[in-house]
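# Remarks on the overall topology
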Amino acid sequence: MPNQYKIGQGKSFAVNNLTKIYTSNKQLDFTASLLQQVFKKRMNIQLPVTHSPSADATIRLIIDPTIKGNETYKLTVTAHGLTIYGSSSIAIQDGIMTTDQLLLGDAFASSRHQIAPITISDKPRFARRILMLDPARHFLSVKDIKFYIDQMIKYKFNALQLHLTDDQGWRVEIKGYPKLTAGGPFYTQEELKDLCNYAALRNVEIIPELDVPGHTVSILSAYPELACTVNDTIPKIIGTTTDMMLCCSQQEVYSFYKVIISQVCALFPSPYIHLGGDEAAISKNWAKCERCQALMKEKGYSNPAQLMIPFFDKILSYVRDAGKKAILWCELNNIYAPADDYLFPYPKDVMLVSWRNGLTPTCIDITKRYGNTLILAPGEYAYFDYPQMKGDLPEYNNWGMPITTLKKSYEFDPGYGLPADRYNHVDGVMGTLWGEAIIDINRALYMTYPRAFALSEAGWTDMEHRNWNSFRQRLYPNLLDLIKCGVSVRAPFEIAKDN
Ligand code: ACM
Ligand code: ZN
């Protein structure tokens, strides 16, 4: 739902065989091709793209650098044409996707090549709207991920996080360390470059994630010497071993990750790299390791969690050396409320992600206090690996996950009703598709849609323009449309009784 619109007066814009799409700028050619696809799909008409203004070039995509805001766009439809203004190609793309929604929502007029007059002035509530896939748990091909991107851009998601390493697999080629990926499958660096280019053309930022210091059995099974001494003699078997960590006090861990981080940072154009930091089983590793215990004494620490300080000091220095910023999952001093501080002092230049059920309001307050930026992925609204109804998928590897209904996802207000200055450090929202139970791309899509529609609107639209009944109406044409595109969606039958 756009943030500001006014239904126009007068005649509709009639698209005909002579209509052309004018773009002010060659840099918009790919974006213009997305609009061509919209007209092909909604009106079954093939419109040419031109760079010269002419009487028939009545659909116009105009870069206007004076417009403030990277994704602010203005869309006007009058009897004379359709124009999208924005300061960047992503703003124009946002306007194109809104055009697609208009044509989809008025299918009868679209079939007659008519578009009703309207003026839309729109911009997102939050800068980043992210979805996260987890090919570490169940591998997804590059082709599958491209298909996923094709769908997410329709709803103005602008970033995709890829969880590339975990206990179950290491999915990114690292030159010089072939043992990491010997268990396969994995993405070559060439494949990832191709994927990043594909995403960039569609204005999607791919954020790579390498999870440390926990969730590291895949690297430890290839290089057991990187684990703590307590685990020296314990076999590290993918699919069986869990709860192991990189040793905080083993110099090779750092020389290794220096190389890994520099290669991964060079590969992905995003200014960010996510380095995990979640669910570190400190009491089973660092608290029992001879080397880590000696380091604790040397540092005068009373709590082994304080070893996160020197660990991330080093790891984050490699990120800074690569000219990037780090993201970490936010861990507090308790995994349930009440929690009143960080697990350890996160440096200010780290962006955090709140995720644990019920702790997002606390994370918003604590990050505000310490000056960290924050992404919101609250388990209770945005963990899309959770089932959508009791008894629904996933049937496999379901560890007793809580239920997140579509309606619950829609109730997410990333501002939690707070005054704006209490959450102006929130950079965005993220929906996660943890892959333990998501065996392939069709399952990933089934878990994503329709709940990602709700998250999209939570990330884009101000609360005053959001409404469950309006959302329910707008949902159905979009669900049908995704089905036509070959997307395995879940039919939200339970909301029909709300009628
Ligand atoms: C997480 O769900 N372990 C961030
Ligand atoms: Zn250790």
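A brief structural summary.

Definitions and limits used
- Residues numbered from 1 in each chain as written.
- Chains lettered and ligands numbered in written order.
- Predicted model: local features only at pLDDT ≥ 70, side-chain atom pairs only at ≥ 80, totals over all residues.
- Heavy atoms only, no water.
- Helix = DSSP H or I, 4+ residues; strand = E, 2+ residues; numbered from the N terminus.
- Rg over C-alpha atoms; globule rule 2.2 N^0.38 Å.
- Buried < 20%, exposed > 50% of the residue type's maximum accessible area, 1.4 Å probe, protein only.
- Donors = N, O, S within 2.8 Å, 3.2 Å for Na, K, Ca; no water.
- Tetrahedral: all angles 85-135°; square planar, octahedral: opposite > 155°, others 65-115°.
- Core = buried A, V, L, I, M, F, W, Y, C linked by side-chain atoms within 4.5 Å.
- Contact = heavy atoms within 4.5 Å.
- Axes fitted to C-alpha atoms, helices over the stretch in contact; angles between N-to-C directions.
- Parallel < 35°, antiparallel > 145°, perpendicular 65-115°, else oblique.
- Nonpolar A, V, L, I, M, F, W, Y, C, P; charged D, E, K, R; others polar.
- Polar contact = N/O pair within 3.5 Å; in protein donor to acceptor, adjacent residues only side chain to side chain.
- Salt bridge = Lys/Arg side-chain N within 4 Å of Asp/Glu carboxyl O.

### As for the overall build of the chain
A count of helical and extended segments in the chain gives 15 helices and 18 strands. Relative to its length of 499 residues, the chain is compact, with a C-alpha radius of gyration of 24 Å against a globular reference of 23 Å. Seen through its C-alpha atoms, the chain measures out along the principal axes to roughly 80 × 50 × 40 Å. Taking all 499 residues of the chain together, the buried fraction comes to 58%.

### Here we look at the coordination of the zinc ion (ligand 2)
Coordination sphere of the zinc ion (ligand 2), protein contribution only: Cys228 (SG), Cys247 (SG), Cys289 (SG) and Cys292 (SG), at 2.3 to 2.4 Å. Around the zinc ion (ligand 2) sit four donor atoms; with metal-centred angles ranging over 104 to 113 degrees, the donor geometry is tetrahedral. If you list the donors of the zinc ion (ligand 2) from N- to C-terminus, the spacing comes out as C-x18-C-x41-C-x2-C. Remark: Cys292 occurs in helix α8 (residues 290-299) and Cys247 occurs in the loop between α6 (217-222) and α7 (251-267); sequence separation between them is 45 residues. Of the residues examined, Cys247 reaches a relative accessible area of 0% and is grouped as buried. Relative accessible area serves as the criterion here: at 0%, Cys292 is assigned to the buried category.

### Brief notes about the nonpolar core
Soluble globular proteins tend to pack their nonpolar side chains together in the buried interior. Counting residues in each nonpolar core, the largest one holds 145 residues, and the members touching the most others are Ile149, Ile219, Leu275 and Tyr449. When residues no more than four places from it in sequence are discounted, the contact partners of Tyr449 are Leu131, Gln151, Met152, Tyr155, Gln388, Leu482, Val487, Val489 and Arg490. Judged by nonpolar contacts, the second largest core, of 18 residues, contains Ile130, Met132, Ile207 and Met401.

### Overview of the packing of helix α1 (residues 29-43) against helix α2 (residues 89-105)
Helix packing geometry: the angle between the two helix axes and the distance between the axes. Running from N to C, α1 and α2 point in directions that differ by 5 degrees, and their axes come no closer than 9 Å. The angle between the axes of α1 and α2 places the two elements in the roughly parallel class. Counted together, Thr31, Leu34, Leu35, Val38, Phe39, Arg42 and Met43 of α1 and Ser89, Ile92, Gln93, Ile96, Met97, Thr99, Asp100, Leu103 and Leu104 of α2 form the full contact between these two elements. Taken together, the residues of the contact of α1 with α2 break down into 10 nonpolar, four polar and two charged.

### Observations regarding the side chain of Thr50
Within the secondary structure layout, Thr50 lies in strand β4 (residues 49-50). When its relative accessible area of 12% is taken as the criterion, Thr50 is described as buried. Looking at Thr50, its side chain comes within polar contact range of the main-chain nitrogen of Ser52, at 3.0 Å. Excluding its chain neighbours within four sequence positions, the residues that come into contact with Thr50 are Lys20, Ile21, Tyr22, Thr23 and Ala57.

### Some remarks on the side chain of Gln161
Position of Gln161 among the secondary structure elements: in strand β11 (residues 159-166). Judged by relative accessible area, Gln161 falls into the buried class, the value being 1%. Ignoring sequence-local partners within four residues, the contact set of Gln161 consists of Ile130, Leu131, Met132, Leu133, Ile207, Glu209, His274, Trp329 and Met430.

### Re the pattern of salt bridges
Counted under the stated rule, the structure contains 23 salt bridges. Residues Lys41 and Asp481 are paired through a salt bridge, measuring 3.0 Å at the closest nitrogen-oxygen approach. Taken together, the residues span a long stretch of sequence, with Lys41 in helix α1 and Asp481 in helix α15 (residues 468-484) at a distance of 440 residues. Taking the relative accessible area as the measure of exposure, Lys41 reaches 38% and is therefore partly exposed. Note that Asp413 and Arg125 form a salt bridge whose closest N and O atoms lie 3.0 Å from each other. Taken together, the residues span a long stretch of sequence, with Asp413 in the loop between α12 (406-410) and β18 (426-433) and Arg125 in the loop between β9 (118-122) and β10 (128-133) at a distance of 288 residues. Accessibility assignment for this pair places Asp413 and Arg125 in one class, buried. Among the ionic contacts, a cluster of salt bridges with common partners joins Lys41, Arg42, Asp100 and Asp481.

Coordinates in, geometry out; function isn't part of it.
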